[in-house]
Amino acid sequence: MEIRIDNIENIRQSARGFVSQIDDRRVFAFYGKMGAGKTTFIKAICEELGVKDVITSPTFAIVNEYRTPSKPPRGEACGAAVLPRGGDRGGAVIFHFDFYRIKKIEEVYDMGYEDYFYSGALCFIEWPELIEDLLPDDAVRVTITEQEDGSRTVMF
């Protein structure tokens with residue numbers, strides 16, 4: 001599928017289109033050059049899913065955790081995506097990773113990546129090429145490409 005982001009003003013509309021395609025998929029690997037808009041698009045997706053937290057790049061933390069509102073209950077749509085509930089705190093959990101600063105794959109093992117990737121929570125991963133061998137087989141590869149006119153093309 002292809003989604004076009006004409007400009008920053010319509011990014012939420014583009015994110016809404018992306019959310020409508022999530023279905024039961026959970027791990028999304030975002031590829032693109034530095035400055036292509038990976039973090040900005042993930043932020044818009046999270047906002048479309050109802051996240052009220054401040055959404056920033058997890059470049060130094062490696063992973064940020066966000067939550068959607070406590071409703072809808074398990075199995076009901078949030079936007080168009082079906083999100084599992086996030087335990088006692090309510091809402092669905094979303095993990096946002098940035099592996100740009102990973103120097104050794106052992107760092108990813110040490111952080112317990114499997115607990116995140118196989119948790120049933122949504123996982124949005126920036127710089128997945130650095131951990132390609134660890135991605136689940138069903139991870140959705142999302143490529144963001146900047147066009148000459150400044151727009152972005154999102155392919156998945």
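Note that residues are indexed from 1 along each chain, following the sequence as it is written. Only residues with pLDDT of 70 or above have their local features reported here, since the model is predicted, and side-chain atom pairs are shown and tallied only from 80 upward, although totals for entire chains, interfaces and linings are computed over all residues. As a convention, hydrogens and water are excluded, and side-chain values are obtained from all of the structure's heavy atoms.

A.B. asks: Provide a residue-level description of the overall build of the protein chain, including the pertinent values.
C.D. replies: Helix and strand labels come from DSSP, where a helix needs a run of H or I of at least four residues and a strand needs a run of E of at least two; each type is numbered from the N terminus. Counting secondary structure elements, the protein chain contains 4 helices and 9 strands. Ordering the α and β elements of the protein chain from the N terminus gives β-α-β-α-β-β-β-β-α-α-β-β-β. Categorising residues by exposure relies on relative accessible area from a 1.4 Å probe, with only protein chains included: less than 20% of the type maximum marks a residue as buried, more than 50% marks it as exposed, and the intermediate range marks it as partly exposed. Taken over 156 residues, the protein chain has a buried fraction of 49%. For the protein chain, restricting intrachain contacts to residue pairs at least 6 apart in sequence, the fraction spanning at least 24 positions comes to 64%. Here, Shrake-Rupley sampling with a 1.4 Å probe gives the accessible areas, and only protein chains in the shown set may cover a residue. By element, 47% of the accessible surface of the protein chain is carried by carbon and sulfur atoms, the whole surface being about 8,200 Å². Contact definition: two residues touch when any of their heavy atoms are within 4.5 Å.

A.B. asks: Let's hear about the side chain of Thr 153: which residues, and what values?
C.D. replies: By the secondary structure assignment, Thr 153 is in strand β9 (residues 152-155). Pairing of N or O atoms within 3.5 Å defines a polar contact, subject to two protein rules: one partner must be a possible hydrogen donor and the other a possible acceptor, and residues neighboring in sequence count only if both atoms are side-chain atoms. Polar contacts involving the side chain of Thr 153 include one to the side chain of Gln 147, which spans 3.1 Å. Not counting residues within four places of it along the chain, the set of residues in contact with Thr 153 comprises Glu 2, Ile 3, Thr 143, Ile 144, Thr 145 and Gln 147.

A.B. asks: So what's going on with helix α2 (residues 38-48)? Residues and values would help.
C.D. replies: Along α2, the residues classified as buried are Lys 38, Phe 41, Ile 42, Ala 44, Ile 45, Cys 46 and Glu 48. Residue Gly 50 follows α2 closely and has a positive phi angle near 100 degrees.

A.B. asks: Kindly report on the side chain of Arg 67, identifying the contributing residues and their values.
C.D. replies: Tracing the chain through its elements places Arg 67 in strand β3 (residues 63-67). We classify Arg 67 as buried; its relative accessible area is 15%. Of the polar contacts made by the side chain of Arg 67, one reaches the side chain of Glu 65; its length is 3.3 Å.

A.B. asks: Provide a residue-level description of the nonpolar core, including the pertinent values.
C.D. replies: Proteins that are soluble and globular tend to have nonpolar side chains buried together. Only buried residues count toward a nonpolar core, which is a set of Ala, Val, Leu, Ile, Met, Phe, Trp, Tyr and Cys residues joined through side-chain atoms within 4.5 Å. Counting residues in hydrophobic clusters, the biggest one holds 26 residues, and the most contacted among them are Phe 18, Phe 28, Phe 30, Phe 41, Ile 45 and Phe 124. Residue assignment for this core shows that the elements contributing at least two residues are β1 (2-5), α1 (11-19), β2 (27-31), α2, β7 (122-126) and β8 (140-146). Broken down by element, the residue count for this core peaks at 5 residues, all from α2. Dropping the residues within four chain positions of it, Phe 30 is found in contact with Phe 18, Lys 38, Phe 41, Ile 42, Ile 45, Phe 124, Ile 125, Glu 126, Trp 127, Pro 128, Val 142 and Ile 144.

A.B. asks: So what's going on with the pairing of β8? Residues and values would help.
C.D. replies: Of the pairings in the sheet, the one linking β2 to β8 comprises 4 bridges and is parallel in character. Considered in β8, the bridge of Tyr 31 is made with Thr 143. Strands are labelled as partners when DSSP assigns at least two bridges between them. Pairing geometry for β8 and β9, over 4 bridges, is antiparallel. Bridging across to β9, Glu 146 finds its partner in Arg 152. Linking β8 back to β9 in an antiparallel pair, the connection comprises 5 residues, with Gly 150 at a positive phi of about 95 degrees.

A.B. asks: Break down the sheet that holds β3 for me, with residues and values.
C.D. replies: What the 7 strands build is an open sheet, ordered β1-β9-β8-β2-β7-β6-β3; its pairing is mixed. Only two strands of the sheet have a single neighbouring strand rather than two, namely β1 and β3. Pairwise comparison of adjacent strand axes, ignoring direction, gives a mean angle of 20 degrees for this sheet. With 4 bridges connecting them, β2 and β7 associate as parallel partners. Paired with Phe 30 across the strands is Glu 126, a residue of β7. Contacting β1, β2 and β8, α1 crosses the sheet at an angle of about 165 degrees to β1. α2 rests against β1, β2, β3, β6 (93-98), β7, β8 and β9 of the sheet, and its axis sits at about 165 degrees to β7. Fitted lines through C-alpha atoms serve as axes, helices being fitted only where they are in contact, and the angles separating the N-to-C directions of these axes extend from 0 to 180 degrees.

Everything listed is a geometric property; what it means functionally is a separate question.
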